[in-house]
Amino acid sequence: MAEKTRETCLICQIVANKVPSYKIYEDDLILALLDVNGANPGHCFVIPKNHYPIIEQVPDQELVNLFSIANKISSAIFENLKVQGTNIFVANGIPAGQTVAHFVINIIPRMENDGINLQWKPKQLTEEEMSTVELKLKEGIQNINMGKVEEIKKPEAAAETPKASPISDDDEEDYIAKQLRRIP
Amino acid sequence: MPEEQVPQQQAPGQPMPGQAPQQQMSEEQIQALQEKIKQMSPEELKEFQKKQCIFCQIIAGKVQSRKVYEDENVIAILDVNPANPGHVLIMPKEHYSIMPQMPDSEIGHIFVVAKALSNASLRALEVQGSNIVVANGVAAGQRAQHFMMHLIPRKEKDGVGFHVPQKTTPEKELQKIRKMLSESLGSKAEETTAKVAPIPLIPKRKVVEAEFKEQKPKKKEIVKKEIKPKAEKKKESGINLDDIAGVLGAK
């Protein structure tokens, strides 16, 4: 599975230097590069070298490093490209606009009237609806194991499926593992 | 991106996390205030900003809000003008205007919270995805003076019309930008374009088309030639995005 993932994932191909790219930062676990079809000149991607399709699968410690690099790039863009702003944008899942099965942080330099739309029309919810959502989210977050710094996998071990013990639907790690194992 | 839209239905006594407090001031008052601000020390200025910041008021518990998560450094509340139900604002308790002001440790932590909340909303709200959006600067859509991150649960056809267009930047400019940014980062990363004509990095739409099959992406005007063989390969094998969608709770 590890092999297959790396062959078919475009980002993994870039990480493996099989596809040309404009790298701006690289370390053991992280790569940052320019998007050649960026929304604006200087549009960057920050990616984990390990293959994780969505943010929920990225170990906390890797996530911390990824966003730290993203922030530095955002500052570098401010300093060097004379832009008026930056967006940090993550699309998680197809309805959110995710187009490639590898977690990517977008850093988008912004100018006035640059044709990018990250605006929305507010939806009107009743007080009751708001309360329901509040309650559900509060409960939901309690079931998530937070603050535990997970061990970082070496890139070589990237696509290996976590060893799943018997699966309980309530258990976070197992839930992800269950989904992962369905990936060929 | 509007961090905050003007609330259209503001129930009395409700918080307005979406909006800075609006007070009517006369010209003279404004001028006097500007003078005062000029003379403040950085510490005083920060205190002043805090007092003026509606989000600092929320954090201090002086303004009501719907908190869904709170720890020592971070708070997450429901946006009163949500893009979708479950739209959450995640912010540091400390007052920072933009992300580059935040220390690394706090940035890391806030995104770990975002990950956990995204996970929670995928399950608790039965949505199929999420967007994380940060705006630094007015041009990027920032409206509040308090740094925050938006976590927006997403479903198919939910009417959230984010649009990140694809533009073509000339190769020379890309090379120039690459050099500037990598030098600024003190990075030794190299361009790996070799002597090949630039191949589009992320032929996003194409990949999607190949992998998502039925779920047609909105835009697909992207380079076909170079990546075709790869895309075809993907049809037969490889990661099945339906399964990833499964992770996100999609059909």
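1. A few points about the overall build of chain B
Move 1: Secondary structure assignment for chain B yields eight helices and five strands.
Move 2: Its helices and strands in sequence order give chain B the pattern α-α-α-β-β-β-α-β-β-α-α-α-α, from N to C terminus.

2. Topic: the overall build of chain A
Move 1: The helix and strand tally for chain A stands at five helices and five strands.
Move 2: For chain A, the sequential pattern of α-helices and β-strands runs α-α-β-β-β-α-β-β-α-α.
Move 3: Counting every position in chain A, which comprises 184 residues, the buried fraction comes to 53%.
Move 4: For chain A, the proportion of contacts with a sequence separation of at least 24, taken over those separated by at least 6, is 58%.

3. Points about the packing of helix α4 (residues 127–142) of chain A against helix α4 (residues 104–124) of chain B
Move 1: Their axes nearest at 8 Å, the elements α4(A) and α4(B) cross at an angle of 120°. In terms of orientation, α4(A) and α4(B) fall into the oblique class. Here the hand of the crossing between α4(A) and α4(B) comes out right-handed. Two secondary-structure elements touch here, α4(A) through Lys136(A), Leu137(A), Glu139(A), Gly140(A) and Ile141(A) and α4(B) through Ala116(B), Leu117(B), Ala120(B), Ser121(B), Arg123(B) and Ala124(B).
Move 2: Across the contact of α4(A) with α4(B), the residue classes break down as six nonpolar, two polar and three charged.

4. A short note on the nonpolar core
Move 1: With 101 residues, the main nonpolar core has Ala32(A), Val46(A), Ala76(B), Ile90(B) and Leu117(B) as its most contacted residues.
Move 2: Considering every element that reaches this core, the biggest residue donor is α4(B), with 11 residues.
Move 3: The residue makeup of this core includes at least three contributed by each of domain 1 (27–154) and domain 2 (167–198) of chain B.
Move 4: If near-sequence neighbours (up to four positions away) are discounted, Ile90(B) is found in contact with Val74(B), Ala76(B), Ile110(B), Val113(B), Ala114(B), Leu117(B), Met148(B), Met149(B) and Leu151(B).

5. With respect to the sheet that holds strand β3 (residues 44–48) of chain A
Strand pairs in the sheet, formed through backbone hydrogen bonds, run parallel or antiparallel to each other.
Move 1: Spatial ordering of the open sheet is given by β1(A)-β2(A)-β3(A)-β5(A)-β4(A)-β4(B)-β5(B)-β3(B)-β2(B)-β1(B), a layout of 10 strands whose pairing is antiparallel. Unpaired on one side and paired on the other, β1 (22–26) of chain A together with β1 (67–70) of chain B mark the two borders of the sheet. Here the strands of the sheet are splayed against their neighbours by 20° on average, with no regard to which way each runs.
Move 2: Two elements, strand β2 (residues 74–78) of chain B and strand β3 (residues 88–92) of chain B, share five bridges in a ladder whose sense is antiparallel. Following the sheet pairing, Leu78(B) is matched in β3(B) by Val88(B).
Move 3: Across the sheet, helix α3 (residues 60–81) of chain A lies against β1, β2 (30–34), β3, β4 (85–92) and β5 (105–110) of chain A together with β4 (129–136) of chain B, angled at about 15° from β5(A), the strand it touches most.
Move 4: Packed onto the sheet, helix α5 (residues 171–184) of chain B meets β1 and β2 of chain A and runs at close to 10° relative to β1(A).

6. Quick look at α5(B)
All names here are of chain B.
Move 1: Taking 1.5 Å of rise per residue, 14 residues should cover 20 Å, and α5 covers 20 Å from first to last C-alpha, within 8% of that figure.
Move 2: Residues of α5 that are buried: Leu174, Ile177, Arg178, Leu181 and Ser182. Projection of α5 onto a plane perpendicular to its axis shows the buried side chains occupying an angular sector of 120°, all on one side. Exposed residues pointing more than 90 degrees away from the buried face of α5 are listed as Lys172 and Glu173.
Move 3: Where α5 ends, the next residue or the one after it, Gly186, has phi of about 65°, a positive value.

7. Some remarks on the environment of Gln145(B)
Move 1: Position of Gln145(B) relative to the elements: it lies in the loop between β4 and β5 (149–154).
Move 2: For the pair Gln145(B) and Asn119(B), spaced 26 residues apart in the sequence, the C-alpha separation amounts to 27 Å.

8. Side note on the pairing of β1(B)
Residues and elements named next belong to chain B.
Move 1: By the bridge criterion, three bridges tie β1 to β2 in an arrangement that is antiparallel. Within β2, the residue paired with Glu70 across the bridge is Ile75.
Move 2: Turn length for the β1-β2 hairpin, with the two strands adjacent in sequence and antiparallel, is three residues.

9. Quick word on the environment of Gly129(B)
Residue and element names in this part refer to chain B.
Move 1: Residue position: Gly129 is located in strand β4.
Move 2: Using a count of 27 C-beta atoms within 10 Å as the deciding quantity, one classes Gly129 as buried.
Move 3: For the pair formed by Gly129 and Arg154, sequence separation is 25 residues and the distance between their alpha carbons is 4.8 Å.

10. Describing the packing of α3(A) against α5(B)
Move 1: Here α3(A) crosses α5(B) at 120°, and the two axes come no closer than 9 Å. When the interaxial angle is binned, α3(A) and α5(B) end up oblique. Judged by the twist between their axes, the crossing of α3(A) over α5(B) is right-handed. Residue-level contacts link Ile73(A), Ala76(A), Ile77(A), Glu79(A), Asn80(A) and Leu81(A) of α3(A) to Ile177(B), Met180(B), Leu181(B) and Ser184(B) of α5(B).
Move 2: Considered class by class, the residues forming the contact of α3(A) with α5(B) number seven nonpolar, two polar and one charged.

11. Points about unusual backbone geometry
Move 1: Unlike most non-glycine residues, Lys82(A) shows phi in positive territory, near 50°.
Move 2: If you trace the backbone, Lys82(A) turns up in the loop between α3 and β4.
Move 3: Note on Lys82(A): 10 C-beta atoms within 10 Å, which makes it exposed.
Move 4: A positive phi angle, close to 50°, is found at Glu126(B), a residue other than glycine.
Move 5: For Glu126(B), the position within the fold is in the loop between α4 and β4.
Move 6: A count of 11 C-beta atoms within 10 Å places Glu126(B) in the exposed class.

12. Here's the deal with the pairing of β4(B)
On a regular strand, one side chain projects to one face of the sheet and the next to the other, so that they alternate.
Move 1: Among the eight residues of β4(B), eight are classified as buried, and the element is accordingly described as predominantly covered.
Move 2: Residues of β4(B) alternate between two faces, with Gly129(B), Asn131(B), Val133(B) and Ala135(B) on one and Ser130(B), Ile132(B), Val134(B) and Asn136(B) on the opposite face, all of them buried.

Parameters and conventions
- Residues numbered from 1 in each chain as written.
- Chains lettered and ligands numbered in written order.
- Predicted model: local features only at pLDDT ≥ 70, side-chain atom pairs only at ≥ 80, totals over all residues.
- Helix = DSSP H or I, 4+ residues; strand = E, 2+ residues; numbered from the N terminus.
- Buried ≥ 20, exposed ≤ 12 C-beta atoms within 10 Å, placed from the backbone.
- Contact = placed C-beta atoms within 7 Å.
- Axes fitted to C-alpha atoms, helices over the stretch in contact; angles between N-to-C directions.
- Parallel < 35°, antiparallel > 145°, perpendicular 65-115°, else oblique.
- Left-handed = near helix turned anticlockwise from the far one by under 90°.
- Nonpolar A, V, L, I, M, F, W, Y, C, P; charged D, E, K, R; others polar.
- Core = buried A, V, L, I, M, F, W, Y, C linked by C-beta atoms within 7 Å.
- Domains from an automatic or database assignment.
- Pairing = 2+ DSSP bridges.
- Expected span 1.5 Å × (residues − 1).
- Arc of directions from axis to C-beta.

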